[in-house]
Amino acid sequence: MDLQQIWTIGVLITSIIVIVISIVKFKLHPFLALLLASFYVGALMGMAPLKMISAIEDGIGGTLGFLAAVIGLGTILGKMMEISGAAERIGITLQKCRYLSPEVIMVLVGLICGITLFVEVGVVLLIPLAFSIAKKTNTSLLTLAIPLCTALMAVHCIVPPHPAALYVTNALGADIGTVIISGLMVGLLASLIGGPLFLKMIKNKIPFKPVPEEFSDMKVRTEDELPSLGSTLFTVLLPIVLMLIKTTAELNIDKSTPLYSFLEFIGNPITAMFIAAFVAYYVLGIRRNMGMATLLTKTEDCFSSIANILLIIGAGGAFNGILNGSGLSDSLAGILSNLHMHPILLAWLVAIILHAAVGSATVAMIGATTIVSPMLPSYPNVSPEIITLAIGSGAIGCTIVTDSLFWLVKQYCGATLNEIFKYYTSATFIASLVALAGTFLLSYII
């Protein structure tokens, strides 16, 4: 390894350290920490100041140009799920199935509802359901909250139309339908093993955690206040179905026909989410006696809540713009190629390290894509769909103190720092390993 390669690795490692110290030690917002790291990398890689600014602008614009619309439309869907009680309807229905344990129910609720919810929003929205079941069954809140949050994280990282999964899918040129179906299979397996099975193996070691007093008055609505199961599932699954229709069209319909163009149009993630948002307005709102004035207010409320997410993702894009513009990502790709590590394992490893470092699965996946994608032409036998799943599988793991989700789970469970490390961090790491194994198995098929 020559001096230039050592310098490249050193710049990347120290830039990650800058991000961690800025967030953990100096309490900087991740948006500022990522921008600081961008300037740091640009300066050490010898970029001209104006070129540095241009790379940051291109990185932010290139990342948010596509994701901003998807995030906004997805937020509307999530808000309609919240105010209508659609998520609670799914949970109540699953509770009636005697063959499912409470832990498995929480996994299924997390996977289904998580399709349209950001992971943090999903935790806030669905945790009252965990409270309700914990009270009824007199079980530790940890045994319900951990499977729920593990499933939410899994679907967040590997199933489009979630922004990070969608970004990686587009950046690598993967087929979105294949990623959705494969991601749901891998996510279910990872969530069941990382959640219920892992907790069952250590059942006698898990402390009993009642519902914290400050959350004891959070209510789950009664069935007559909730939308029907059919309308709920129709709304939640509609964007997924439209995107799968697009994939089917690409495989079976002549691309020169008007029908193909139409199906490609409605199956585009932005169009699919746009259609689903208006369907949600009608099915979960207007049809349940909500006026447009109410829906406008709710929409404005949910848009104000995503400013933080957009800023962090934009700064992540800036950081990746600097990695590309400075030549660091290409240099790193050359170094990684010489390690002779399997590209699936490498993509997983980069993503899990970045998630632990920057505390955001979304930013970690965007960064991992930037680092890994230049070396993929050297591995023509590995499909972009598999690398997309590998990056998402890595981002599931290592939820530690740098991640806001870590503190959210700790707060709602009333657990100690050590307990969340021992049970929740371990659960996400196991789920990440299982997802990696599932991705390796799928690589022999896809």
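Reading guide: rules and limits
- Residues numbered from 1 in each chain as written.
- Predicted model: local features only at pLDDT ≥ 70, side-chain atom pairs only at ≥ 80, totals over all residues.
- Heavy atoms only, no water.
- Helix = DSSP H or I, 4+ residues; strand = E, 2+ residues; numbered from the N terminus.
- Rg over C-alpha atoms; globule rule 2.2 N^0.38 Å.
- Buried < 20%, exposed > 50% of the residue type's maximum accessible area, 1.4 Å probe, protein only.
- Contact = heavy atoms within 4.5 Å.
- Areas by Shrake-Rupley, 256 points an atom, 1.4 Å probe, with all protein chains shown as cover.
- Lys, Arg positive; Asp, Glu negative; His and termini not counted.
- Charge placed at Lys NZ, Arg CZ, Asp CG, Glu CD.
- Phe/Tyr/Trp six-rings, centres within 6.5 Å; stacked < 30°, edge-to-face > 60°.
- Disulfide = S-S within 2.5 Å.
- Patch = residues over 30% accessible without salt bridge, like charges linked within 9 Å, V, L, I, M, F, W, Y side chains within 5 Å.
- Salt bridge = Lys/Arg side-chain N within 4 Å of Asp/Glu carboxyl O.
- Axes fitted to C-alpha atoms, helices over the stretch in contact; angles between N-to-C directions.
- Parallel < 35°, antiparallel > 145°, perpendicular 65-115°, else oblique.
- Left-handed = near helix turned anticlockwise from the far one by under 90°.
- 1 Å grid on protein atoms, 1.4 Å probe; cavity = no way out; pocket = protein on both sides within 12 Å on 5 of 7 lines; lining within 4 Å.
- Points joined across faces, edges and corners; volume = space filled by probe spheres on them.
- Nonpolar A, V, L, I, M, F, W, Y, C, P; charged D, E, K, R; others polar.
- Polar contact = N/O pair within 3.5 Å; in protein donor to acceptor, adjacent residues only side chain to side chain.
- Expected span 1.5 Å × (residues − 1).

**Points about the overall build of the protein chain**
Along its length, the protein chain carries 20 helices and 0 strands. The globule rule puts the C-alpha radius of gyration for 446 residues at 22 Å, and the 22 Å found for the protein chain is close to it. Counting only C-alpha atoms, the protein chain reaches 65 × 60 × 45 Å along its principal axes. When the 446 residues of the protein chain are sorted by exposure, 57% land in the buried category. Summarising the internal contacts of the protein chain: among those between residues at least 6 apart in sequence, 82% fall at separations of at least 24. Split by element, the accessible area of the protein chain, about 18300 Å² in all, is 67% carbon and sulfur. The centroid of the 22 positive side-chain charges in the protein chain is displaced by 11 Å from the centroid of its 23 negative side-chain charges.

**Looking at the packing of aromatic side chains**
Each aromatic ring pair is summarised here by two numbers: the centre-to-centre distance and the angle between the ring planes. For the structure shown, the criterion picks out 5 aromatic pairs. On the numbers, 5.0 Å between centres and 55 degrees between planes, the contact of Phe406 with Phe421 is tilted. With Phe406 in helix 19 (residues 404-413) and Phe421 in helix 20 (residues 417-442), this pair connects stretches of sequence that are 15 residues apart. In this structure Phe406 comes out as buried when scored by relative accessible area, which is 0%.

**Looking at the state of the cysteines**
The final tally for this structure, using the stated rule, is 0 disulfides. Sulfur of Cys149: no disulfide; nearest cysteine sulfur belongs to Cys413 and is 6.6 Å away.

**Quick look at a nonpolar patch on the surface**
Where nonpolar side chains cluster on the molecular surface, the patch consists of Ile13, Ile17, Ile21, Phe26, Leu28, Leu32 and Leu36 and spans about 620 Å² of accessible area. Listed by contribution, the elements that provide at least two residues to the nonpolar patch are helix 1 (3-24) and helix 2 (30-44). No other element matches helix 1, which puts 3 residues into the nonpolar patch. The topology assignment puts Ile21 in helix 1.

**Re the packing of helix 3 (residues 49-84) against helix 8 (residues 163-172)**
Running from N to C, helix 3 and helix 8 point in directions that differ by 140 degrees, and their axes come no closer than 10 Å. By the angle class used here, helix 3 and helix 8 are oblique. Like other packed secondary-structure pairs, helix 3 and helix 8 cross with a definite hand, here right-handed. Contacts from Thr63, Phe66, Leu67, Val70 and Ile71 of helix 3 reach helix 8 at Pro163, Leu166, Tyr167 and Asn170.

**Some points on empty space enclosed by the protein**
Here the structure, examined in full by the defined rule, presents 2 cavities of 30 Å³ or more. A volume near 50 Å³ is recorded for the largest cavity. Residue contributions to the lining of the largest cavity peak at 3 residues, all from helix 14 (residues 307-325). A per-class count over the lining of the largest cavity returns 6 nonpolar, 2 polar and no charged.

**Points about helix 4 (residues 86-95)**
Most of helix 4 sits out of view: 8 of its 10 residues are buried. Among the residues making up helix 4, those that are buried are Ala86, Ala87, Glu88, Arg89, Ile90, Gly91, Ile92 and Leu94.

**A closer look at the layout of surface pockets**
Taking a probe equal in size to a water molecule and rolling it over the atoms shows the remaining empty space. The space that makes up the second largest pocket amounts to roughly 330 Å³. Taken together, 15 residues line the second largest pocket, and the ones lying closest to its centre are Leu12, Leu332, Leu336, Val350 and Ile353. Where the lining of the second largest pocket is concerned, the elements lending two or more residues are helix 1, helix 15 (328-337) and helix 16 (343-358). It is helix 16 that provides the largest number of residues to the lining of the second largest pocket, a total of 5 residues. When grouped by side-chain class, the residues that make up the lining of the second largest pocket number 15 nonpolar, no polar and no charged.

**Examining the packing of helix 11 (residues 258-267) against helix 12 (residues 269-285)**
Two elements in contact, helix 11 and helix 12, have axes whose closest approach is 5 Å; the angle formed by their N-to-C orientations is 70 degrees. Relative to helix 12, the element helix 11 lies roughly perpendicular. Across the interface between the two elements, Phe265, Ile266 and Gly267 of helix 11 pack against Pro269, Thr271, Ala272 and Ile275 of helix 12.

**Focus on the side chain of Glu385**
By secondary structure assignment, the location of Glu385 is in helix 18 (residues 384-396). Lacking a salt bridge, the buried Glu385 has Lys246 as its closest oppositely charged neighbour, with an N-O distance of 11 Å. Engagement of the side chain of Glu385 in a polar contact is seen with the backbone nitrogen of Asp175, the distance being 2.7 Å. When near neighbours in sequence (up to four residues on either side) are disregarded, Glu385 contacts Ala174, Asp175, Thr178, Val179 and Ile446.

**Some remarks on the environment of Trp7**
Topologically, Trp7 is positioned in helix 1. Discounting chain neighbours no more than four positions away, the residues touching Trp7 are Leu44 and Met45.

**Digging into helix 3**
Between its first and last C-alpha, helix 3 extends 50 Å over 36 residues, near the 52 Å set by a 1.5 Å rise per residue. Note on helix 3: the residue one or two positions beyond its end, Gly85, has a positive phi of about 85 degrees.

**Thoughts on the pattern of salt bridges**
In this structure the tally under the stated criterion is 2 salt bridges. We note a salt bridge from Lys209 to Glu419, for which the minimum N-O separation is 3.1 Å. With Lys209 in the loop between helix 9 (176-201) and helix 10 (229-252) and Glu419 in helix 20, the pair connects residues that are 210 residues apart, well separated along the chain. Accessibility classification places Lys209 together with Glu419 in one group, the buried group. Between Lys246 and Glu250 there is a salt bridge; the shortest N-O distance is 3.9 Å.

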